[in-house]
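# Working through the structure, step by step
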Amino acid sequence: MTLLTAIIAAAIPTAVYSLLLWWLDRYEKEPLSLIFAAFWWGAIPALALALLVELFVLVPLEPRLLGPEVSNWSVVPLIEELLKGLAVVGLYTWARREIDGPLDGIVYGALVGFGFSMTENALYFLHYDNVTTLFWLRSILFGMNHAFFTSMVGLAFGLVRHQRDPVLKGLVLACGFLLAVLFHAMHNYFVSEATTVGVVASWLVQFVGILVVLLVAVLAWRGERAVMERELLDEVADGVLSIDDYQEITSSMRRLQHQSHAMLVGGWACFWKVRRLHHLTTELAFCKSRVRMADRYQRCDETDDLRREIIALRHALKGQRMAWG
């Protein structure tokens, strides 16, 4: 297989899965710069470091220790999840204000995993001539595996975001990492059996894990919507938002409908204005929530600036909204 074909075969499914993940984060979308940083850490540095460790440390020791089959499901998951998890640690350390809860942690952890799996799959495809079966297994059937594994680390960081007890934080983070390693090890063990039962068992592990992640996402949506409804209600009373704006902004479906309509009727300029309005109002709601929670990692001194920009955008969009009907 040529390099270009291998890249395309690995990148297209990953792009589709990443877009689905991006859709999960309905209200407070993460900055594109951090999204790309998480993805490319998994795609290049994490995978490169994992290959180096496995090549120069694990391979020479395998004959005297565990053997390649055992190390594949015992040591390899530990190495890879540790190196992927470093990206989540970095984001949590230097961009903590963007991680507001479990869903944000899942998004960043899964993006690291998607980057890792994309490059790993491309390398596998380059190594073999006939990759049809390999493509369906690695890119399609198990295409979410690495994202699911590392999302456990991200979930743990999201859960401890507002936790002040260091012991509890340490326990939750340790559990998140151990779950990532455990699920990764289970996958490697089952597929190493090279049987239909093993493949099905590994897929079931992934399927159940993804269901758990979706459940967390649904609970996070409810929590985020509650924050929006609570924090923006007095903005209606103060005239910053109208009641129609409030109902639209607190509903992810109505947001999407308005943005789509703006694109179809007014083009890119109107779309970006509407999207910007939704973004600013979301920032205002969460900023007020952080102040209410006395978040020691985030200072929200920009609420007045946000209100002024929201009012200006609403005024600019008023005529266009009336024209749309």
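A brief look at the structure comes next. Computed from a predicted model, the values in this text were never measured in an experiment. (Residues numbered from 1 in each chain as written. Predicted model: local features only at pLDDT ≥ 70, side-chain atom pairs only at ≥ 80, totals over all residues. Heavy atoms only, no water.)

### Some remarks on the overall build of the chain
To keep things clear, this is the line we draw: In this description a helix means any DSSP run of H or I spanning at least four residues, a strand means any run of E spanning at least two, and both kinds are numbered starting from the N terminus. For every residue, the accessible area (1.4 Å probe, protein chains only) is compared with the maximum for its type, and the residue is labelled buried under 20%, exposed over 50%, or partly exposed between those bounds. Any pair of residues with heavy atoms lying within 4.5 Å of one another is described as a contacting pair. Methods summary: accessible areas were calculated by the Shrake-Rupley approach with a probe of 1.4 Å, and residue burial reflects only the protein chains presented.
The secondary structure content of the chain amounts to 12 helices and 0 strands. Moving toward the C terminus, one meets the helices and strands of the chain in the order α-α-α-α-α-α-α-α-α-α-α-α. The principal-axis extent of the C-alpha atoms belonging to the chain is close to 70 × 45 × 30 Å. Burial statistics for the chain: of 325 residues in total, 46% are counted as buried. For the chain, restricting intrachain contacts to residue pairs at least 6 apart in sequence, the fraction spanning at least 24 positions comes to 77%. Carbon and sulfur atoms make up 70% of the accessible area of the chain, which amounts to about 16,600 Å² in all.

### Details of the side chain of Gln206
Heads up, the condition is: Counted as a polar contact is a pair of N or O atoms within 3.5 Å, where, for protein atoms, one must be capable of donating a hydrogen and the other of accepting one, and residues adjacent in sequence contribute only when both atoms are in side chains.
Tracing the backbone shows Gln206 in helix H9 (residues 196–237). A relative accessible area of 4% places Gln206 in the buried class. Polar side-chain contacts of Gln206 include one of 3.1 Å to the backbone nitrogen of Asn145. Leaving out residues up to four positions away in the same chain, Gln206 has contacts with Leu141, Phe142, Gly143, Met144, Asn145 and Phe148.

### Brief notes about the packing of helix H7 (residues 145–159) against H9
Operational definition: In this analysis an axis means a line fitted to C-alpha atoms, helices contributing only their contacting stretch, and an angle means the value between N-to-C directions, from 0 to 180 degrees. Orientation categories follow fixed angle ranges, with anything under 35 degrees roughly parallel, anything over 145 roughly antiparallel, 65 to 115 roughly perpendicular, and all other angles oblique. Take the far helix as your reference; a near helix turned counterclockwise from it by less than a right angle gives a left-handed crossing, and one turned clockwise gives a right-handed crossing. Just so you know the grouping, Ala, Val, Leu, Ile, Met, Phe, Trp, Tyr, Cys and Pro go in nonpolar, Asp, Glu, Lys and Arg go in charged, and all remaining residues, Gly too, go in polar.
With their axes 10 Å apart at the nearest point, H7 and H9 run at an angle of 40 degrees to one another. The angle between the axes of H7 and H9 places the two elements in the oblique class. Handedness of the crossing formed by H7 with H9: left-handed. Residues Asn145, Phe148, Ser151, Met152 and Leu155 of H7 lie in contact with H9, whose contacting residues are Ser202, Val205, Gln206, Gly209, Ile210, Val213 and Val216. Here the contact of H7 with H9 is built from residues that sort into 7 nonpolar, 5 polar and no charged.

### Comments concerning the packing of helix H4 (residues 76–94) against helix H5 (residues 102–127)
Running from N to C, H4 and H5 cross one another at 135 degrees; their axes reach a closest spacing of 9 Å. Classified by the interaxial angle, the pair formed by H4 and H5 is oblique. Where H4 crosses over H5, the two elements pack in a sense that is right-handed. Counted together, Glu80, Lys84, Ala87, Val88 and Leu91 of H4 and Tyr108, Gly109, Val112, Gly113, Phe116 and Glu120 of H5 form the full contact between these two elements.

### Description of the packing of aromatic side chains
We apply this condition: For this analysis, a ring pair means two rings from Phe, Tyr or Trp (six-membered ring only for Trp) whose centres lie within 6.5 Å, classed as stacked if their planes differ by under 30 degrees, edge-to-face if by over 60, and tilted for the remaining angles. Only Lys NZ and Arg CZ are tested; either one counts as a charge over a ring when it is within 6 Å of the ring centre and within 35 degrees of the ring normal.
Tallied over the entire structure, the rule returns 13 aromatic pairs. Taken together, a centroid distance of 5.8 Å and an interplanar angle of 80 degrees make the contact between Trp23 and Trp221 edge-to-face. Here the residue Trp23 occupies a position in helix H1 (residues 3–24), and Trp221 occupies one in helix H9, the gap between them amounting to 198 residues. Take Trp23: its relative accessible area is 44%, and that puts it in the partly exposed class. A relative accessible area of 15% places Trp221 in the buried class. An aromatic cluster of three or more residues is present, and its members are Phe125, Phe135 and Trp136. Stacked on the ring of Phe116, the Lys or Arg Lys84 has its end atom at 5.2 Å from the ring centre.

### Remarks on the nonpolar core
Counted only if it meets this: Within this scheme, the nonpolar core is defined by two criteria: the residues are buried Ala, Val, Leu, Ile, Met, Phe, Trp, Tyr or Cys, and they are joined through side-chain atoms within 4.5 Å.
One finds Leu21 and Met152 to be the most contacted residues of the largest nonpolar core, which totals 45 residues. Taken together, the elements giving at least two residues each to this core come down to H1, helix H2 (32–61), H4, H5, H7, helix H8 (166–192) and H9. Considering every element that reaches this core, the biggest residue donor is H5, with 11 residues. Listed in part, the 20 residues of the second largest apolar core include Tyr27, Val240, Ile249 and Leu284.

### Brief notes about H5
Convention followed: In this analysis, the expected span of each helix is defined as 1.5 Å times one less than the number of residues it contains.
For H5, spanning 26 residues, the distance from its first C-alpha to its last is 38 Å, which sits close to the expected 38 Å at 1.5 Å a residue. Burial analysis of H5 places 20 of its 26 residues in the buried class, the great majority of the element.

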